[in-house]
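What the coordinates show
Residue strings, one per chain:
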Amino acid sequence: MREDAAGKKSLNGEGRYDKITLHALRRKREEQERSRMKKKGRAAAAAVVLLLCAGYLFYTRPVALGQIYPMLEAGECVGISGFFSVGSQEERSEFAPPQGSEAFEEVLGLLYDCRYRRTLRDLLVHGTRTHAVQPGDFQWELWLAFEGVELPDGGVGSGPMLHVQYWYGELDFHFNGQTRSYRAKDEATWAADLLEAFG
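To start, this report covers the structure provided alongside it. Everything quoted here is computed from the prediction, not taken from an experiment.

The next thing to look at is the overall build of the chain. Scanning the chain from terminus to terminus reveals four helices and eight strands. Helices (α) and strands (β) of the chain occur, in sequence order from the N terminus, as α-β-α-β-β-α-β-β-β-β-β-α. Relative to its 199 residues, the chain shows a buried fraction of 31%. Across the chain, contacts joining residues at least 24 apart in sequence account for 68% of those joining residues at least 6 apart. Carbon and sulfur atoms provide 54% of the accessible area of the chain, an area that totals close to 13600 Å².

Further remarks concern the sheet that holds strand 5 (residues 138-150). In spatial order, the strands read 1-4-8-7-6-5-2-3; together these eight strands make up an open sheet with antiparallel pairing. Among the strands making up the open sheet, the edge pair consists of strand 1 (63-64) and strand 3 (93-95). Note that strand 5 and strand 6 (residues 156-167) share 10 bridges and pair antiparallel. From the neighbouring strand, L142 faces strand 6, where its bridge partner is V164. Those strands touched by helix 4 (residues 187-198) are strand 2 (79-86), strand 3, strand 4 (115-118), strand 5, strand 6, strand 7 (170-175) and strand 8 (178-184), and its axis lies near 75° from that of strand 5.

What follows deals with the nonpolar core. Among the nonpolar cores identified, the biggest contains 39 residues, and L111, Y116, W140, L144, F173 and W190 are the most heavily contacted of them. Those elements giving two or more residues to this core turn out to be helix 2 (65-68), strand 2, helix 3 (102-113), strand 5, strand 6, strand 7, strand 8 and helix 4.

All chains considered together, the criterion is met by 15 aromatic pairs. Relative to F173, the ring of Y69 lies with its centre 6.3 Å away and its plane at 75°, an arrangement referred to as edge-to-face. Of this pair, Y69 sits in the loop between helix 2 and strand 2 while F173 sits in strand 7, placing them 104 residues apart in sequence. Look at Y69 and you get buried, because its relative accessible area is 5%. Relative to F198, the ring of F95 has its centre 4.0 Å away and its plane inclined at 10°; by these criteria the two rings are stacked. Placement of the pair is F95 in strand 3 and F198 in helix 4, with a sequence separation of 103 residues. Each residue in the set Y69, F84, F95, Y116, F138, W140, Y166, F173, F175, Y182, W190 and F198 is aromatic and connected to the rest through ring pairs, giving one cluster.

Let us look at the pairing of strand 8. The pairing of strand 4 with strand 8 spans three bridges and is antiparallel. The residue of strand 8 that forms the bridge with R117 is R183. Pairing of strand 7 with strand 8, which is carried by five bridges, proceeds in the antiparallel orientation. Note that in strand 8 the partner of L171 across the bridge is Y182. Following strand 7, the chain reverses through two residues before pairing antiparallel with strand 8; N176 in that reversal takes a positive phi of roughly 55°.

The next subject is the pattern of salt bridges. Enumeration according to the criterion identifies five salt bridges in this entry. For the salt bridge of R121 with D172, the shortest nitrogen-to-oxygen distance reads 3.0 Å. Taken as a pair, R121 in the loop between strand 4 and strand 5 and D172 in strand 7 lie far apart in primary sequence, 51 residues in all. Judged by relative accessible area, which is 2%, D172 ranks as buried. Beyond isolated ion pairs, a larger network of salt bridges with shared partners links R121, R129, E170 and D172.

Parameters at a glance
- Residues numbered from 1 in each chain as written.
- Predicted model: local features only at pLDDT ≥ 70, side-chain atom pairs only at ≥ 80, totals over all residues.
- Heavy atoms only, no water.
- Helix = DSSP H or I, 4+ residues; strand = E, 2+ residues; numbered from the N terminus.
- Buried < 20%, exposed > 50% of the residue type's maximum accessible area, 1.4 Å probe, protein only.
- Contact = heavy atoms within 4.5 Å.
- Areas by Shrake-Rupley, 256 points an atom, 1.4 Å probe, with all protein chains shown as cover.
- Pairing = 2+ DSSP bridges.
- Axes fitted to C-alpha atoms, helices over the stretch in contact; angles between N-to-C directions.
- Core = buried A, V, L, I, M, F, W, Y, C linked by side-chain atoms within 4.5 Å.
- Phe/Tyr/Trp six-rings, centres within 6.5 Å; stacked < 30°, edge-to-face > 60°.
- Salt bridge = Lys/Arg side-chain N within 4 Å of Asp/Glu carboxyl O.

What follows is the structure, given as structure tokens:
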């Protein structure tokens, strides 16, 4: 009886040991699986961040006006017109330099030689803007005219095709019903140089 009791006790002890071992192995596998999932999650998050950074760098890469609108070549521009206002000036000043004049070529050079970076404002809805005008603030708008421009939809357009708007530090290009927001390189100086060219 003692041997039988001892044997049963030994067997019961081994059974408990086996259950503990299996439980420990199961927990270890579960921990390993959670660790793998965490690593996968971190890797996926890092990939998303890298993708977003790459997309942002590509989206905001510096480009020339001729790259933005390859169908609008500087040499094909047949007219420039526009207006500007400085400070609290009530009446806007208009300008329209004759084609081929020094002012005409200077304006074209400033527009086409500059490099522009796309801004994230394009991801927002373009609505009404307000600005508290301070002394020295200025805005200007100009239209570049072309003839026989091949449009993306296959049509052909002529007349004032490109509308460039500098509104107190915000630069927008309007073409074929679309608006794109950019920042020019050394924008404050560039915008002031264009304002001077208008005069």
